[in-house]
Amino acid sequence: MAKIEGGCLCGKIRYSGEADPLAAVVCNCTSCQKQTGSAYSINLVMPKGSLDIQGEMEVYTHAGDSGQPVYRNFCGNCGSSVISELSVMDTIVILKAGSLDDTSWVKPTTEIYCDSAQEWTRVKTELESHPKMLPS
Ligand SMILES: [Zn+2]
Ligand SMILES: [Zn+2]
């Protein structure tokens, strides 16, 4: 079982948990690209309530593809993105895997929003790929 432990760049936000991630998903959506300033985010899908979070996060809310709100929680001090919540999937939280203290065990199996993937990232062809969100 994975020991989930990590936090933001400055250390004001810390989290821990014992639950295994339900999935590890590379997200190429343009919102993740903007938020991370990178090519994609690596999202660990965690059961809601499975993380013990220390520190107060800021929240930026915007409409996702579904038109429903996406809540992007980040550290107001250093700006690191830590957790996202989707109002359309209220049994899970999405943990940004780059915020883990130890990322060595993270193995993404699925890639979503490939329609907006940056061209140079199209090398991880072993991943199950979807043009947009996972089919429900
Ligand atoms: Zn911080
Ligand atoms: Zn995304």
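All figures in this text were calculated on a predicted structure; none of them were measured in a lab.

The rules behind each value
Residues numbered from 1 in each chain as written. Chains lettered and ligands numbered in written order. Predicted model: local features only at pLDDT ≥ 70, side-chain atom pairs only at ≥ 80, totals over all residues. Heavy atoms only, no water. Donors = N, O, S within 2.8 Å, 3.2 Å for Na, K, Ca; no water. Buried < 20%, exposed > 50% of the residue type's maximum accessible area, 1.4 Å probe, protein only. Core = buried A, V, L, I, M, F, W, Y, C linked by side-chain atoms within 4.5 Å. Helix = DSSP H or I, 4+ residues; strand = E, 2+ residues; numbered from the N terminus. Contact = heavy atoms within 4.5 Å. Polar contact = N/O pair within 3.5 Å; in protein donor to acceptor, adjacent residues only side chain to side chain. Pairing = 2+ DSSP bridges. Axes fitted to C-alpha atoms, helices over the stretch in contact; angles between N-to-C directions.

> Looking at this structure, how should I read the coordination of the zinc ion (ligand 1)?
Angles at a metal have ideal values that depend on geometry: 109.5 degrees with four tetrahedral donors, 90 or 180 degrees with six octahedral donors. Distances from the zinc ion (ligand 1) to its protein donors, namely Cys8 (SG), Cys10 (SG), Cys75 (SG) and Cys78 (SG), fall within the range 2.3 Å. One chain supplies every donor for the zinc ion (ligand 1), spaced along it as C-x1-C-x64-C-x2-C. Residue classification places cysteine 10 among the partly exposed residues on the basis of a relative accessible area of 37%.

> Sorry, what's going on with the coordination of the zinc ion (ligand 2) here?
Distances from the zinc ion (ligand 2) to its protein donors, Cys27 (SG), Cys29 (SG) and Cys32 (SG), fall within 2.1 to 2.3 Å. Binding-site remark: the zinc ion (ligand 2) is held by donors from one chain whose sequence spacing is C-x1-C-x2-C. Overall, cysteine 32 belongs to the buried group, its relative accessible area being 2%.

> So what exactly am I meant to see when it comes to the nonpolar core here?
Among soluble globular proteins, nonpolar side chains are generally buried collectively. Grouped together as the largest cluster of nonpolar side chains are 17 residues, with contacts concentrated most on Leu44, Leu51, Val82, Leu95 and Leu100. Among the secondary structure elements, those contributing two or more residues to this core are strand E4 (41-47), strand E8 (81-86) and strand E9 (89-96). Once residues lying within four places of it in the same chain are set aside, the contact partners of leucine 100 are Ile4, Glu5, Gly6, Tyr15, Leu44, Leu95, Trp105 and Val106. Grouped together as the second largest cluster of nonpolar side chains are 11 residues, Cys27, Val45, Ile112 and Tyr113 included.

> What's the story with the side chain of threonine 121 in this structure? I'm lost.
Residue placement: threonine 121 occurs in the loop between strand E10 (110-112) and strand E11 (128-129). For threonine 121, the side chain forms a polar contact with the main-chain oxygen of glutamine 118, separated by 2.7 Å. Threonine 121 has contacts with Asn28, Ala39 and Tyr40, leaving out every residue within four places of it along the chain.

> When you look at the side chain of serine 80 in this model, what are you seeing that I'm missing?
Structurally, serine 80 can be placed in the loop between strand E7 (69-74) and E8. Judged by its relative accessible area of 17%, serine 80 is buried. Here the side chain of serine 80 touches leucine 9 through a polar contact of 3.0 Å, landing on its backbone nitrogen. Non-local contacts of serine 80, meaning those with residues more than four positions away in its chain, are made with Cys8, Leu9, Asn73, Phe74 and Cys75.

> Explain the sheet that holds E10 here, please?
Hydrogen bonds between backbone groups are what pair the strands of a sheet, and the pairing can be parallel or antiparallel. One open sheet accounts for 8 strands, arranged E6-E7-E8-E9-E4-E3-E10-E11; its pairing is mixed. A single partner strand is all that each edge strand has here, and the edge strands are strand E6 (58-63) and E11.

> Where do I start with the pairing of E9 in this structure?
On a regular strand, one side chain projects to one face of the sheet and the next to the other, so that they alternate. Relative to E9, E4 is paired through 5 bridges, and the arrangement is antiparallel. Within E9, the position partnered with valine 45 by the bridge is isoleucine 94. Strand direction decides the pairing type here: E8 and E9, joined by 3 bridges, are antiparallel. For isoleucine 83, the partnering residue across the bridge sits in E9 and is leucine 95. Joining the antiparallel neighbours E8 and E9 is a turn of 2 residues.

> Even after reading the chapter, I still don't get the sheet that holds strand E2 (residues 14-17), so can you show me in this structure?
An order of E1-E2-E5 is seen for the 3 strands of this open sheet, with the pairing classed as antiparallel. If you trace the sheet from one side to the other, it starts and ends with strand E1 (4-7) and strand E5 (52-54), each paired once. The average undirected angle you get between the axes of adjacent strands in this sheet is 10°. Relative to E2, E1 is paired through 4 bridges, and the arrangement is antiparallel. The partner of glycine 6 across the bridge, within E2, is tyrosine 15.

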